[in-house]
Amino acid sequence: MSTVAVQRSKTYDIVYIAVFAVIMAICSWISIPATVPFTLQTFGVFIAAGVLGGKRGTLSVLVFILLGAVGIPVFANFSGGIGVLAGPTGGYIIGFLFSALVMWAMEKLPGKKSIMQIVSMVVGLVVCYAFGTAWFMVVYGKANGPVGLVTALGWCVFPFIIPDLIKIALAYVLSRKLRKYVA
């Protein structure tokens, strides 16, 4: 591959990573307020990893989180800053990175690619739920007193399972269609 082609490829990678970080921000702004807001952020994570692949998708999620960490309002309710990440729902945002990493790790597993992509999204979601719920219990517990696992799951996970599975299905279908346009 020529030097010009390599540079062009790297430039495209940077642009795609940035575009999908912006897509995640837009998805986070579509929000229904709750203890943990209903957003399309998980859809943004799944579509980024589904379209861009594990490495670029993970980098896109990392850029999204870093933008929010420095105060750019990319999180739900147009919020940003370390305070959001350190707050009770910050573990779910950090969990997005673990979701993308899981999806990246599962890309190389043997099996039918379409089935593995769906399985990787579901496993990534479970990892996000686990990390986010543990974080929520610690942070919420310090501020308000201990909260039980079932209570935390009732607030932070159970109401989101069906919507998140729908997001996975939609992200899977769209990523299969869009992947052919991304080099």
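Residues numbered from 1 in each chain as written. Predicted model: local features only at pLDDT ≥ 70, side-chain atom pairs only at ≥ 80, totals over all residues. Heavy atoms only, no water.

Caption draft 1: Representation of the overall build of the chain in the model. The helix and strand tally for the chain stands at 8 helices and 2 strands. For the chain, the C-alpha radius of gyration of 17 Å lies close to 16 Å, the compact-globule estimate for 183 residues. In terms of principal-axis extent, the alpha carbons of the chain reach across some 60 × 35 × 25 Å. For the chain, the proportion of its 183 residues judged to be buried stands at 42%. Taking contacts inside the chain between residues at least 6 apart in sequence as the whole, the part at least 24 apart equals 66%. Surface accessibility of the chain: about 9,400 Å² in total, with carbon and sulfur atoms responsible for 75%. (Helix = DSSP H or I, 4+ residues; strand = E, 2+ residues; numbered from the N terminus. Rg over C-alpha atoms; globule rule 2.2 N^0.38 Å. Buried < 20%, exposed > 50% of the residue type's maximum accessible area, 1.4 Å probe, protein only. Contact = heavy atoms within 4.5 Å. Areas by Shrake-Rupley, 256 points an atom, 1.4 Å probe, with all protein chains shown as cover.)

Caption draft 2: Region of the structure containing a nonpolar patch on the surface. The grouping of Ile118, Val122, Val126, Phe158, Ile161, Ile162, Leu165 and Ile166 at the surface amounts to a nonpolar patch, some 670 Å² of accessible area in total. Elements represented by at least two residues in the nonpolar patch include exactly α6 (113-144) and α8 (161-178). Position of Phe158 among the secondary structure elements: in the loop between α7 (149-156) and α8. (Patch = residues over 30% accessible without salt bridge, like charges linked within 9 Å, V, L, I, M, F, W, Y side chains within 5 Å. Salt bridge = Lys/Arg side-chain N within 4 Å of Asp/Glu carboxyl O.)

Caption draft 3: Region of interest: the packing of helix α2 (residues 41-52) against helix α3 (residues 54-69). Where α2 contacts α3, the two axes come as close as 6 Å, and the packing angle between them is 145°. α3 is crossed by α2, and the crossing has right-handed handedness. Between α2 and α3, the residues in contact are Gln41, Val45, Ala48, Ala49 and Leu52 and Gly54, Arg56, Gly57, Ser60, Val61 and Phe64, respectively. Of the residues contributing to the contact of α2 with α3, the split by class is 6 nonpolar, 4 polar and 1 charged. (Axes fitted to C-alpha atoms, helices over the stretch in contact; angles between N-to-C directions. Left-handed = near helix turned anticlockwise from the far one by under 90°. Nonpolar A, V, L, I, M, F, W, Y, C, P; charged D, E, K, R; others polar.)

Caption draft 4: Looking closely at the nonpolar core. Phe46, Val61, Phe64, Ile65, Tyr92, Phe96 and Met121 are the most contacted members of the largest nonpolar core, which has 41 residues in total. Broken down by element, this core gets its largest block of residues, 8 residues, from α2. What Phe46 contacts, discounting residues up to four positions off in sequence, is Met103, Met121, Leu125, Ile168 and Ala171. (Core = buried A, V, L, I, M, F, W, Y, C linked by side-chain atoms within 4.5 Å.)

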